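What follows is the residue order along each chain.
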Amino acid sequence: MAPHDPPPLPTSLTAEWRGDIAILRLARPEKRNALNDPTVEGIGAFFSSLPAHVKAVVLDSMGDNFSAGLDLLELSECSTVEGVAHSMMWHRAFEQIELGRVPVVAVLKGAVVGGGLELAVSAHIRVAERSAYYALPEGQRGIFVGGGASVRVPRLIGASRMAGMMLTGRVYGADEGQALGISHYLVDNGEGLTKALDLAGKIALNAPITNFAVMHALPRIAEANPREGFMLEALMAAIAQGSDEAKERLRAFLDKRAKKVTEF
Ligand code: 1HE
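Residues numbered from 1 in each chain as written. Predicted model: local features only at pLDDT ≥ 70, side-chain atom pairs only at ≥ 80, totals over all residues. Heavy atoms only, no water.

## Re the packing of aromatic side chains
- In total, this model carries 3 aromatic pairs according to the counting rule given.
- Seen in terms of ring centroids, Phe-46 and Phe-47 are 5.3 Å apart; in terms of plane orientation they differ by 85°. Their pairing is edge-to-face. Across the pair, Phe-47 and Phe-46 agree in class, each one buried.
- Among the aromatic residues, ring-to-ring pairing joins Trp-17, Phe-46 and Phe-47 into one connected group. (Phe/Tyr/Trp six-rings, centres within 6.5 Å; stacked < 30°, edge-to-face > 60°. Buried < 20%, exposed > 50% of the residue type's maximum accessible area, 1.4 Å probe, protein only.)

Have a look at this one:
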């Protein structure tokens, strides 16, 4: 493999490299990007073996839908023990996104449902197109979420709202998803990738220590008891500001060489 080659991916995924940004695409639109085992394992493998030059990833999809969730063909014959292993395989794969090496920006459109929503909420930033809608149809299928939704979705919208989605099959539209905090940005249909690439480009310009702290320290601090949280924050802040890059960036601002904060 050449240094920039991705690991071998299943046919349901494609990778594209644009400078220091990688784009991973769900590529099974004829099945609404339903997630089968090779796809989920391929996602994990992709994020755990990113080339060193990659500084941010955009997670995109082919067709009109982000993902219809679990490939329902797969669970129909699963035993209880196999079911546990299957769910834990999803957890491992999506942890490679959430606690991976670089921030991930997901582009959401059409169906973002079941395991598709679980995949989306593993990313750090979500850009939704107006066509996006969110649901957890596990309740209607007689199953339970297994790709990390019960940990990650309540942190975004609260356990009570997630219970409502699962018990009644409630579907939230893109506007509601934006108001609830599922998406960070809401854009017109067809504009999600451009916006995501723009954001990924900004992320790639950050000091690596800042991206590391946001990905790995912030979620742990947010979950910690406040006393430990303040201490972790102080330690992380000291490590970050002690870096040569931080010193240079602070000096650049004081020398009027750095951009000011602007409203837009
Ligand atoms: C699928 C799947 C799938 C579509 N597994 N094959 N997820 C769900 O319960 C959602 C199920 N899907 C749907 O409700 C609809 O497909 C959509 C609303 C997403 C899209 O509707 P539409 O009209 O655009 O497409 P379609 O005609 O329903 O589907 C096109 C094809 O994709 C069709 O196959 P075909 O061979 O007849 O062409 C569908 O069978 C196939 N397809 N969705 C398998 N999900 C770790 S636990 C996670 C648990 C879950 O994610 S549960 C939620 C599962």
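## Considering the pairing of strand β4 (residues 104-108)
- The element β4 is extensively covered by neighbouring structure, given that 5 of its 5 residues are classed as buried.
- Of the two faces of β4, the one holding Val-104, Ala-106 and Leu-108 and the one holding Val-105 and Val-107 are both buried throughout.
- Direction of pairing for strand β3 (residues 56-61) relative to β4: parallel, over a ladder of 3 bridges. Across the sheet, residue Leu-59 finds its bridge partner in β4, namely Ala-106. (Helix = DSSP H or I, 4+ residues; strand = E, 2+ residues; numbered from the N terminus. Pairing = 2+ DSSP bridges.)

## Some details on the pattern of salt bridges
- Inspection of the entire model under this criterion finds 14 salt bridges.
- Across the salt bridge formed by Arg-257 and Asp-255, the nearest N and O atoms sit 3.3 Å from each other.
- A single network of salt bridges, built from pairs that share partners, joins Glu-16, Arg-18, Arg-25 and Asp-60. (Salt bridge = Lys/Arg side-chain N within 4 Å of Asp/Glu carboxyl O.)

## Looking at the sheet that holds strand β7 (residues 133-135)
- If you trace the 3 strands from one edge of the open sheet to the other, you get β5-β7-β8, paired in mixed fashion. Since the sheet does not close on itself, it has two edges, and those belong to β5 (111-113) and β8 (172-173), each with one partner.
- Summarising the sheet, β7 and β8 pair through 2 bridges and their orientation is antiparallel. Residue Tyr-133 lies in a different strand from β8, and its bridge partner there is Gly-173.

## Description of the nonpolar core
- Ranked by size, the top nonpolar core spans 45 residues in total, and within it Ile-43, Phe-47, Val-57, Leu-108, Leu-117, Leu-119 and Tyr-134 carry the most contacts.
- A per-element tally of this core places helix α3 (residues 80-98) first, with 5 residues.
- If near-sequence neighbours (up to four positions away) are discounted, Val-57 is found in contact with Ala-22, Leu-24, Phe-46, Phe-47, Leu-50, Val-102, Pro-103, Val-104 and Val-105.
- Of all hydrophobic cores here, the second largest spans 14 residues; its members include Ala-56, Val-107, Val-127 and Ile-203. (Core = buried A, V, L, I, M, F, W, Y, C linked by side-chain atoms within 4.5 Å. Contact = heavy atoms within 4.5 Å.)

## Some points on the environment of Glu-263
- Turning to its location among the elements, Glu-263 is positioned in the segment after α12 (244-254).
- When the C-alpha positions of Glu-263 and Pro-8 are compared, they lie 43 Å apart, and in sequence the two are 255 residues distant.

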